[in-house]
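Descriptive structure summary
Residue strings, one per chain:
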Amino acid sequence: MTLGEGISKPIKTFFIEAGELSQFAIRFFREGFRPPYEFQELLRQSYEIGYRSIPLVSFTAFIMGLVITIQSHPALEVFGAESWLPSIVSVSLVREITPVITALICAGKIGSSIGAEIGSMKVTEQIDAMEVSGTNPFKYLVATRVLSTTIMLPLLVIFGDMIALYGGFLGVNIRGVTTFDLYTTQVFNKLTFGDVLPSIIKSIFFGFVIGLVGSFKGYTTSNGTEGVGRSANAAVVISSFIVFIVDLLAAQISDILHLL
Amino acid sequence: MNPMAENRNETVIEIRNLEKSFGENHVLAGFNLVVNKGENVVVLGRSGTGKSVLIKCIVRLLDPHAGTIHVLGTNMLDLKQEELDNMRAKIGFLFQSSALYDSMTVQENLEFPLRRHLKRNVKYDIAKMVDDALLSVGLKGTQKMSPAELSGGMRKRIGIARTLILNPEVMLYDEPTTGLDPVTGREINHLMLEVQEKFRTSSIIISHDMNCVRMTANRVVVLIEGKNYAEGTYDDLKKSQDKNIKQFFD
Ligand SMILES: Nc1ncnc2c1ncn2[C@@H]1O[C@H](COP(=O)(O)OP(=O)(O)O)[C@@H](O)[C@H]1O
Ligand SMILES: [Mg+2]
């Protein structure tokens, strides 16, 4: 094997995979919104994906809020700008930290479980069985999950924002005493709709990516039970990677819009 | 007139010159098969010879490259999605792995094929339909169990019950006894005969288990190198001097 081949193979695999994932996304938009609709399964998935993730999302958001506040304190103290602490911390929590951390947590928790669940249905012929019994498995399994993650992730992020800000309040209180009223006034003086909206919009994309990649890896699983583990793992790695790319694009786009 | 129409009452499945490849792997290379009404035809072949590919082509889980497939007089290779779904409802498919939905109870598994195949404006007693299907496979009262709680033989039975609930005219069994102990295997063989009698089904049974072949086959078709290599009753084949056929009996 020459060096050229050694490099070109992974690159080729990358582009083939990217192409297949795009086709999968196109199929979602083509088939996912046509009747018959699978409302009941959509509700069940939203409950599984959204409600069941609340404890984990709350925990991480709370810790993030607390830790970022504690760590920002000394830097602001140098400039005698401690009163800025709530507003500065809340902007970075809402704009960046909560959405990205929540998305990564969900890529790990939800992405892997979708990949493993659909993957094991694939290798045990359950997907074929659905197909021959007249239910479109793509709509029943994939479309419902992708829609659920797309709807639930922004909601989880909004929820996470509130918990993170509460964590920030405790962080401020560790050094100096402040009232909750004063804290919220300081936070919402600085935090605008222009901070919240882009973060919600990018969370929608994060949710879409997590659902889509998890379903894609599951739906294309081969090689039996061993393949199921590999699919779950790849779902997490690939969706986390794309979350960062989307985040970067979102930062650029909102920067450009800001200038206009 | 459609040439199929005159003997439609006799021929249930007719496969002509079926070809299916995966890349360079030519799995089916001109396979022919006819199943008559009420008949159990066993397709006998070693593992990896394309037996599952064959029956997956019949229900269009796979698309063949060439050849024709007629089921109950309908050309399976020229159907719109809705027509295909209606045809599939007439064909019961028992998967090799049983393919029970792990996340659902037995009851929900049996109800699943009904969700797209019940007529509007008709009142169905779904609980009774489930009851009857379970009774037919000898597993009355298992509605609340989950697939994980079932033994291999029970899973096969529930898999059969799930296809019987739509009253299929044709049954396709993919290695129904593989992986079962001999006693359980024999029970499944009996069950297939009962189904044949009670539901008047015509079946393709895929197997390399000679007990299963002996007990269930009205006729056997041997699949070798993508073609129907030999054909006959169990006793015909047993007498054969051909070494490719003898190997199944050793
Ligand atoms: N979806 C598929 N993609 C590629 N190759 C396949 C696929 N399904 C089956 N094959 C190949 O076709 C051949 C026959 O498979 P199969 O019909 O499952 O064998 P069996 O007779 O044991 O049921 C095997 O070589 C298998 O690798
Ligand atoms: Mg097989």
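What counts and what doesn't
- Residues numbered from 1 in each chain as written.
- Chains lettered and ligands numbered in written order.
- Predicted model: local features only at pLDDT ≥ 70, side-chain atom pairs only at ≥ 80, totals over all residues.
- Heavy atoms only, no water.
- pLDDT = per-residue confidence, 0-100.
- Helix = DSSP H or I, 4+ residues; strand = E, 2+ residues; numbered from the N terminus.
- Salt bridge = Lys/Arg side-chain N within 4 Å of Asp/Glu carboxyl O.
- Buried < 20%, exposed > 50% of the residue type's maximum accessible area, 1.4 Å probe, protein only.
- Near = heavy atom within 4 Å.
- Polar contact = N/O pair within 3.5 Å; in protein donor to acceptor, adjacent residues only side chain to side chain.
- Nonpolar A, V, L, I, M, F, W, Y, C, P; charged D, E, K, R; others polar.
- Domains from an automatic or database assignment.
- Contact = heavy atoms within 4.5 Å.
- Buried area = accessible area lost by both parts, 1.4 Å probe.
- Axes fitted to C-alpha atoms, helices over the stretch in contact; angles between N-to-C directions.
- Parallel < 35°, antiparallel > 145°, perpendicular 65-115°, else oblique.
- Left-handed = near helix turned anticlockwise from the far one by under 90°.
- Core = buried A, V, L, I, M, F, W, Y, C linked by side-chain atoms within 4.5 Å.
- Pairing = 2+ DSSP bridges.
- Phe/Tyr/Trp six-rings, centres within 6.5 Å; stacked < 30°, edge-to-face > 60°.

**Here's the deal with the confidence of the model for chain A**
- Confidence in the prediction of chain A, expressed as mean pLDDT, is 93, and 97% of residues score 70 or more.
- Model confidence for chain A, summarised as mean pLDDT per element, is weakest for helix α1 (residues 3–31) of chain A at 89 and strongest for helix α5 (residues 126–132) of chain A at 97.

**Describing the pattern of salt bridges**
- Applying the stated criterion across every chain yields a total of 23 salt bridges over all chains.
- The shortest N-O distance in the salt bridge between K56 of chain B and E125 of chain A comes to 3.2 Å. Of the two residues, K56 of chain B is situated in helix α1 (residues 51–58) and E125 of chain A in the loop between α4 (85–123) and α5; the pairing between them involves two chains. Neither K56 of chain B nor E125 of chain A differs from the other in exposure class; each is buried.
- Overlapping salt bridges, with partners in common, bring together E41, R44, E117 and R145 of chain A in one network.

**Focus: the environment of G119 of chain A**
- Among the secondary structure elements, G119 of chain A is positioned in helix α4.
- Taking the C-alpha atoms as reference points, G119 of chain A and I49 of chain A, 70 residues apart in sequence, are found 17 Å from one another.

**Side note on the site of ligand 1**
All names here are of chain B.
- Around ligand 1 sit F22, N25, V27, R46, S47, G48, T49, G50, K51, S52 and V53, and those are all the residues in its vicinity.
- In the model, an oxygen atom of ligand 1 is placed 2.7 Å from a nitrogen or oxygen of the G48 main chain.
- Between ligand 1 and the protein, one listed contact pairs an oxygen atom with a backbone N or O atom of V53 at 2.9 Å.
- Elements with a minimum of two residues in the shell around ligand 1: β2 (25–36) and α1.
- At three residues, α1 tops the list of elements feeding residues into the shell around ligand 1.
- Partitioning the shell around ligand 1 into residue classes produces three nonpolar, six polar and two charged.

**Regarding the domain arrangement of chain A**
All names here are of chain A.
- Each assigned domain of chain A is listed here: domain 1 (1–31) and domain 2 (35–259).
- Here domain 1 and domain 2 have C-alpha centroids that lie 26 Å from each other.
- Counting from both sides, the interface comprises nine residues of domain 1 and, opposite them, 16 residues of domain 2.
- In this assembly, domain 1 packs against domain 2 so that about 1,200 Å² is buried in total across both faces, 80% of it on carbon and sulfur atoms.
- In this assembly, domain 1 and domain 2 are joined by one salt bridge.
- Linking K217 and E17 is a salt bridge whose minimum nitrogen-to-oxygen distance equals 2.5 Å.
- The tally of links between domain 1 and domain 2 comes to two residue pairs in polar contact (both at pLDDT 80 or more).
- Grouping the constituent residues of the side of domain 1 that touches domain 2 by class yields five nonpolar, no polar and four charged.

**What to know about the packing of α4 of chain A against helix α7 (residues 180–190) of chain A**
All names here are of chain A.
- Packing of α4 against α7 leaves a shortest axis separation of 8 Å and a crossing angle of 55°. With respect to their mutual orientation, α4 and α7 come out oblique. Crossing hand, α4 versus α7: right-handed. Touching P86, S87, S90 and V91 of α4 are Y183, Q186, V187 and K190, all from α7.
- Along the lines of polarity and charge, the residues of the contact of α4 with α7 split into four nonpolar, three polar and one charged.

**Structural notes on the nonpolar core**
- Of all hydrophobic cores here, the largest spans 74 residues; its most connected members are I15, L33, V71, L172 and I204 of chain B.
- When we break this core down by domain, the ones giving at least three residues each are domain 1 (1–31) and domain 2 (35–259) of chain A.
- Those residues in contact with L33 of chain B that lie beyond four places of it in its chain are I13, E14, I15, V41, V43, I204 and V221 of chain B.
- The next biggest cluster of nonpolar side chains, apart from the first, holds 39 residues, and it includes L134, I158, I188 and V222 of chain B.

**Points about the sheet that holds β2 of chain B**
Residues and elements named next belong to chain B.
- Strands sit in the order β2-β1-β4-β5 across an open sheet of four strands; the sheet is antiparallel. Of all strands in the sheet, those with a lone pairing partner are β2 and β5 (74–75), marking the two edges.
- Inspection of the sheet shows strand β4 (residues 66–71) paired to β5 by two bridges, in the antiparallel sense. For H70, the partnering residue across the bridge sits in β5 and is N75.
- Strand contacts of α1: β1 (11–22), β2 and β4, with the helix running at about 120° to β1, the strand carrying the most contacts.

**Observations regarding the packing of aromatic side chains**
All names here are of chain A.
- On inspection of all chains with the given rule, the structure shows 21 aromatic pairs over all chains.
- Summarising the aromatic geometry, the rings of F169 and Y183 are spaced 5.3 Å apart at their centres and angled 55° between planes, so their arrangement reads as tilted. Here F169 is found in helix α6 (residues 137–175), whereas its partner Y183 is found in helix α7, with 14 residues between them in sequence. Considered together, F169 and Y183 belong to a single accessibility category, that of buried residues.

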